Amino acid sequence: MIPSMPLSKLLALSFSIILIVLASASLAVAGAEPPDFSNQNCLSCHAEVGQFTSASVHSDFSCLACHPNISSEHLLGYREGREKPMVSLISPQNVPETCGACHAEELESYNESVHGRGLLLGSIETANCIDCHGSHNVLERSDPQATYSAIRLPQTCAKCHEGEAQDNFIKGVEHGSLAAGTGLAEHNTLKFFVWLTILTVAGMIVHMEIELYHLLKQARSRKN
Ligand code: HEC
Ligand code: HEC
Ligand code: HEC
Ligand code: HEC
Ligand code: HEC
């Protein structure tokens, strides 16, 4: 049974209840530490990564530049299997997009290269960005220690191309843009065949649909 109460008192009571709820909610929010996505915090668990990142061209970057999918639960002590498996942005298939977010031109030329096309076809033995450049230790090309410096490049290619004609191999420019350079003919040929394939498949589907439609129509008129 509700005791009878003047409307003004009822309003005042409900208003103060709302105030109390709001106040305690804001206290709870203020009390909880906001998740700390700083590099320092990442390195408190991933110390081994630090010694590499410090020399890299990306040294003053946030770890999140390449690992944008780290969740706040991860910071509380991620264990494999406990957290939902995160979509790996650093698997061989996804590295080019992750690096390419900032290196769009190199991504495009990579996608046109033998390796890039190998990757698109599902090869994981093929070279992606980090096989030639490293991940946490990307150095400037002029640095002789860089995996893609003129001096070390033969070694880098030889990881996968041992015994092949090294000198000729490394003359090939990995990021030669077909569209911009002397390769315009190749570029257009590639584009031509890609579109030819798309149009042929699309045409086949349309053709099949029309045939199906006629078959259905025939079947229906036979029934009538
Ligand atoms: C409380 C400790 C802790 C903190 C803080 C932490 N991590 Fe982790 N992280 C882990 C653990 C544990 C694993 C799982 C290692 C394993 O399974 O071998 C992991 C795995 C990873 C992986 C590999 C995931 C994969 O796809 O294989 C990446 C990348 C990573 N952490 C990046 C970060 C970044 C970036 C930060 C900061 C924003 C961070 N971590 C903060 C504990 C932590
Ligand atoms: C320029 C991009 C880039 C930046 C910046 C970067 N990472 Fe990574 N990270 C990668 C890539 C690519 C891989 C995958 C390496 C592999 O598969 O060999 C990786 C792998 C990892 C892994 C899991 C594999 C391992 O080596 O144990 C951890 C943990 C990690 N990174 C932590 C960090 C932390 C902490 C920072 C910041 C200090 C950071 N990363 C900054 C690109 C980056
Ligand atoms: C958040 C943006 C960003 C991401 C992600 C990123 N980079 Fe970079 N990268 C840069 C910037 C900015 C520079 C410095 C450019 C300069 O100094 O001219 C750089 C420099 C480089 C250089 C040296 C270029 C030079 O002129 O010396 C290489 C090689 C490179 N990155 C490769 C990678 C690879 C491989 C990855 C992925 C593992 C990656 N980058 C991810 C922004 C990024
Ligand atoms: C991580 C392994 C790996 C690295 C490192 C690598 N390649 Fe490759 N490369 C492959 C694979 C695998 C193929 C076969 C095609 C495919 O699957 O993409 C290939 C194919 C090629 C081809 C086409 C001809 C052939 O032999 O099939 C050339 C040219 C080539 N690579 C040059 C290079 C050069 C130059 C470097 C160094 C700058 C290099 N590769 C580094 C794995 C690699
Ligand atoms: C097979 C080896 C190989 C792969 C795979 C590769 N690169 Fe490169 N990259 C090189 C070489 C060699 C150079 C220097 C000569 C040139 O520009 O072709 C270079 C140059 C660069 C530069 C410019 C550095 C400078 O000094 O101007 C950037 C940035 C870069 N690569 C990013 C990437 C990214 C991002 C990917 C993946 C999408 C990638 N690379 C894949 C070998 C590779």
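What comes next is a walk through the structure.

Quick notes on the rules
- Residues numbered from 1 in each chain as written.
- Chains lettered and ligands numbered in written order.
- Predicted model: local features only at pLDDT ≥ 70, side-chain atom pairs only at ≥ 80, totals over all residues.
- Helix = DSSP H or I, 4+ residues; strand = E, 2+ residues; numbered from the N terminus.
- Buried ≥ 20, exposed ≤ 12 C-beta atoms within 10 Å, placed from the backbone.
- Contact = placed C-beta atoms within 7 Å.
- Near = placed C-beta within 6 Å.
- Nonpolar A, V, L, I, M, F, W, Y, C, P; charged D, E, K, R; others polar.
- Expected span 1.5 Å × (residues − 1).

Along the backbone of the protein there are eleven helices and zero strands. For the protein, the proportion of its 224 residues judged to be buried stands at 8%. Across the protein, contacts joining residues at least 24 apart in sequence account for 44% of those joining residues at least 6 apart.

Bringing the site of ligand 5 into the picture now. Near ligand 5 you find 20 residues, and of these Cys 99, Glu 106, Cys 129, Cys 132 and Arg 141 are the closest. Those elements that place two or more of their residues in the shell around ligand 5 are α5 (95-100), α6 (104-112) and α8 (129-133). Here the element with the most residues in the shell around ligand 5 is α8; it accounts for four residues. Looking at the shell around ligand 5, its residues break down into ten nonpolar, six polar and four charged.

Neighbouring ligand 4 are 19 residues, the closest being Gly 118, Thr 126, Ala 127, Cys 157 and Cys 160. At the level of elements, α7 (114-120), α8 and α9 (153-158) are the ones that each hand at least two residues to the shell around ligand 4. Among the residues forming the shell around ligand 4, the class breakdown is eight nonpolar, seven polar and four charged.

What follows deals with helix α11 (residues 184-223). Here α11 contains 40 residues, and its C-alpha end-to-end distance of 58 Å stays within 8% of the 58 Å for a straight helix at 1.5 Å per residue. Counting buried residues along α11, only zero of its 40 residues qualify, which leaves the element largely exposed.

Turning our attention to the environment of Asn 39. Note that Asn 39 resides in helix α2 (residues 39-45). Each C-alpha atom of the pair Asn 39 and Leu 64 lies 8.4 Å from the other, and the pair is 25 residues apart in sequence. Ignoring sequence-local partners within four residues, the contact set of Asn 39 consists of Ser 62 and Cys 63.

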